[in-house]
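Spelled out from the first residue to the last, the chains are:
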Amino acid sequence: MPAAPTANARRLVLVGAGHAHLHLAQHARDYLRRNIDVTLVDPDAFWYSGMATGMLGGMYDADDDRIAPQRLITRHGGRFVHARMTGL
């Protein structure tokens, strides 16, 4: 397990759990090794659009089409903030 970022770590804040951010979240440990703290801010589970037609057509359950961003980012060493961004 990589060391926690130091006090002078750079910060990467991902707003929303879209495809690109989920990919980055999956690689959070790579950033931690470079002393970059990764935080994902998102209000809810992510619906994976690649399975949408199969879900709507009855091939998949709705639960099969959802990704829990909190579980993904924390499993890979990042942080999760359950919120909706309202300003910067």
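For the structure, check the block above.
All values reported here derive from a predicted model rather than from experimental measurement.

### Concerning the overall build of the protein
Phase 1 of the analysis: When its secondary structure is counted, the protein shows four helices and five strands.
Phase 2 of the analysis: For the protein, the succession of helices and strands along the chain, N to C, is β-α-α-β-β-α-β-α-β.
Phase 3 of the analysis: A principal-axis box enclosing the C-alpha atoms of the protein has dimensions of 50 × 30 × 15 Å.
Phase 4 of the analysis: In the protein, buried positions account for 30% of the 88 residues.
Phase 5 of the analysis: For the protein, contacts bridging at least 24 residues in sequence account for 69% of all contacts bridging at least 6.
Phase 6 of the analysis: Summing over all exposed atoms, the protein offers an accessible surface of approximately 5,900 Å²; the carbon and sulfur share of this is 54%.

### A word on the side chain of D37
Phase 1 of the analysis: Following the sequence through the fold, D37 ends up in strand β2 (residues 36-42).
Phase 2 of the analysis: The class for D37 is buried, based on a relative accessible area of 5%.
Phase 3 of the analysis: A distance of 2.8 Å separates polar atoms of two side chains, one belonging to D37 and the other to R11.

### Description of the environment of G54
Phase 1 of the analysis: Take G54: it is sitting in helix α3 (residues 52-56).
Phase 2 of the analysis: Looking at G54, the relative accessible area reads 7%, which means it is buried.
Phase 3 of the analysis: Between the C-alpha atoms of G54 and R10, which are 44 residues apart in sequence, the distance is 40 Å.
Phase 4 of the analysis: Residues in contact with G54, not counting those within four places in the same chain, are M59 and Y60.

### A closer look at the pattern of salt bridges
Phase 1 of the analysis: Evaluation of the coordinates by the stated rule reveals four salt bridges.
Phase 2 of the analysis: Put simply, R11 and D37 hold a salt bridge, and the shortest N to O gap is 2.8 Å. With a gap of 26 residues between them, R11 in strand β1 (residues 10-15) and D37 in strand β2 connect regions that are remote in the sequence.
Phase 3 of the analysis: According to the relative accessible area criterion, R11 is exposed, its value standing at 54%.
Phase 4 of the analysis: The residue D37 makes a salt bridge to R79 at a minimum N-O spacing of 3.1 Å. Here R79 lies in strand β5 (residues 79-82) and D37 lies in strand β2, a separation of 42 residues in the sequence.
Phase 5 of the analysis: A single salt-bridge network, built from bridges that share partners, covers R11, D37 and R79.

What counts as what
Residues numbered from 1 in each chain as written. Predicted model: local features only at pLDDT ≥ 70, side-chain atom pairs only at ≥ 80, totals over all residues. Heavy atoms only, no water. Helix = DSSP H or I, 4+ residues; strand = E, 2+ residues; numbered from the N terminus. Buried < 20%, exposed > 50% of the residue type's maximum accessible area, 1.4 Å probe, protein only. Contact = heavy atoms within 4.5 Å. Areas by Shrake-Rupley, 256 points an atom, 1.4 Å probe, with all protein chains shown as cover. Polar contact = N/O pair within 3.5 Å; in protein donor to acceptor, adjacent residues only side chain to side chain. Salt bridge = Lys/Arg side-chain N within 4 Å of Asp/Glu carboxyl O.

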